[in-house]
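Remarks on the overall topology
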Amino acid sequence: MTIKQAITKGMIMLKSNNVESPKLKARLLLQYVLDKPRQYIIVYDNKEIDKQQQWQYFVNIEKLTKGIPLQHITHRQEFMKMDFFVDENVLIPRSDTEILVEEVIKIAQKYNSPRILDLCTGSGAIAISLAKYIENSQITAVDISEEALRIAKLNAINNNVEDKITFVKSDLFENIVKEKYDIIVSNPPYIKKDFMKKLDKEVQQEPYIALDGGYDGLDFYRKIISEGYQYLKFKGCLCMEIGYDQKQEVFDIIKSQEKYSNTYSKIDLGGNDRIVVTTVQ
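In what follows, the accompanying structure is described. Since the model is a prediction, treat every value here as computed from it, not as a measurement.

Looking at the pairing of strand β5 (residues 165-169)
Direction of pairing for strand β4 (residues 138-143) relative to β5: parallel, over a ladder of 5 bridges. Bridge pairing in β5 links D143 to K169. Where the polypeptide runs from β4 across helix α8 (residues 146-158) and back to β5, its parallel neighbour, the crossover connection is right-handed.

With respect to helix α10 (residues 219-228)
Three or more residues of α10 are buried, namely Y221, I224, I225 and G228. Projected down its long axis, α10 carries its buried residues within an arc of 95 degrees, all on one side.

Re a nonpolar patch on the surface
Together, I42, V43 and Y44 line one region of the surface with nonpolar side chains, adding up to about 310 Å² of accessible area. For V43, the location among the structural elements is in helix α3 (residues 38-43).

Quick notes on the side chain of D143
The topology assignment puts D143 in strand β4. Lacking a salt bridge, the buried D143 has K169 as its closest oppositely charged neighbour, with an N-O distance of 9.0 Å. Ignoring any residue separated from it by four or fewer positions in sequence, one finds D143 in contact with C120, T121, G122, A148, L149, V168, K169 and S170.

Describing the side chain of E206
By the secondary structure assignment, E206 is in the loop between α9 (201-204) and α10. A distance of 2.7 Å separates the side chain of E206 from the backbone nitrogen of I92, its partner in a polar contact. Once you skip the residues sitting within four places of it in the chain, E206 turns out to touch H72, V90, L91, I92, R94 and L211.

A look at the packing of aromatic side chains
Counted by the stated rule, this structure contains 4 aromatic pairs. Here Y57 and F58 contribute two aromatic rings whose centre-to-centre distance is 5.0 Å and whose plane-to-plane angle is 70 degrees, an arrangement assigned as edge-to-face. This pair shows no difference in class: Y57 is buried, exactly as F58 is. Ring geometry for F79 and F84: centres 6.2 Å apart, planes at 75 degrees, overall edge-to-face. Neither F79 nor F84 differs from the other in exposure class; each is buried. Between the NZ or CZ atom of K36 and the centre of the ring of Y40, over which it lies, the distance is 4.8 Å.

Some details on the packing of helix α2 (residues 22-34) against helix α4 (residues 51-65)
Close contact between α2 and α4 brings their axes to 10 Å; oriented N to C, the two are set at 140 degrees. Comparing the axis directions of α2 and α4 gives the class oblique. Crossing of α2 over α4 shows right-handed handedness. Along the contact surface, α2 presents K25, A26, L29, L30, Y32, V33 and L34, while α4 presents Q53, Q56, Y57, N60, I61 and L64.

Here is what the cut-offs are and how they apply
- Residues numbered from 1 in each chain as written.
- Predicted model: local features only at pLDDT ≥ 70, side-chain atom pairs only at ≥ 80, totals over all residues.
- Heavy atoms only, no water.
- Pairing = 2+ DSSP bridges.
- Helix = DSSP H or I, 4+ residues; strand = E, 2+ residues; numbered from the N terminus.
- Right-handed = clockwise from strand over helix to strand, strands pointing away.
- Buried < 20%, exposed > 50% of the residue type's maximum accessible area, 1.4 Å probe, protein only.
- Arc of directions from axis to C-beta.
- Patch = residues over 30% accessible without salt bridge, like charges linked within 9 Å, V, L, I, M, F, W, Y side chains within 5 Å.
- Areas by Shrake-Rupley, 256 points an atom, 1.4 Å probe, with all protein chains shown as cover.
- Salt bridge = Lys/Arg side-chain N within 4 Å of Asp/Glu carboxyl O.
- Lys, Arg positive; Asp, Glu negative; His and termini not counted.
- Contact = heavy atoms within 4.5 Å.
- Polar contact = N/O pair within 3.5 Å; in protein donor to acceptor, adjacent residues only side chain to side chain.
- Phe/Tyr/Trp six-rings, centres within 6.5 Å; stacked < 30°, edge-to-face > 60°.
- Lys NZ or Arg CZ within 6 Å of the ring centre and 35° of its normal.
- Axes fitted to C-alpha atoms, helices over the stretch in contact; angles between N-to-C directions.
- Parallel < 35°, antiparallel > 145°, perpendicular 65-115°, else oblique.
- Left-handed = near helix turned anticlockwise from the far one by under 90°.

Now the structure itself:
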């Protein structure tokens, strides 16, 4: 069987099982199995692949048909032009979250050595990206999961920023010393509890703890907003990712605290409200 034949067969299997982007996933999976770049797959598409590689490839195609995310098979996800290791213990970083990171990078330009607190760090994608792209930044990355922190530390080492990040096991602010930060950033769980069972098969394979935002999806926003101002310097910024339909509700929570001002939101590439930023007054 050639590379081209394997990809075609894999694509047909994925398509018949209603897997999204079947052609792309079939190719990416074969790149992983063969440990070859995209260019190799295209140029040498008539090259034969051996029986062991065929077996490994189609075993993994079967996993995809059962809803296992591609990233949980390859253990790789690109984010902010960097590679991140991911598995079932962390949320897979999404391109939409780059909107949040880019905004924090922009805000951080007004500080010489910005101190940033990243809540619910997961794979460390946000904290590591900020450490990479913000000069002289000092990052504290927090997660309640020991496994998530282990992966975040590994990703920090792999991206050469481990010296710029302090990792803390904590339920949000619980184990954080009350010192002041210039910026607090978070991509917290924000899926409504009743909607969890309606998520795509692939998303349901990701850690429940990283998705479940409580009955109305707003539990984490209430806690972060109600306590966050105590950990921010005067005029410090709170920056959060939100669900596409949560902008007004998050705005209302911020307004009810009477501690913040200059609140605004930004949309993602799909035109959905994606982040909310507010400033301690």
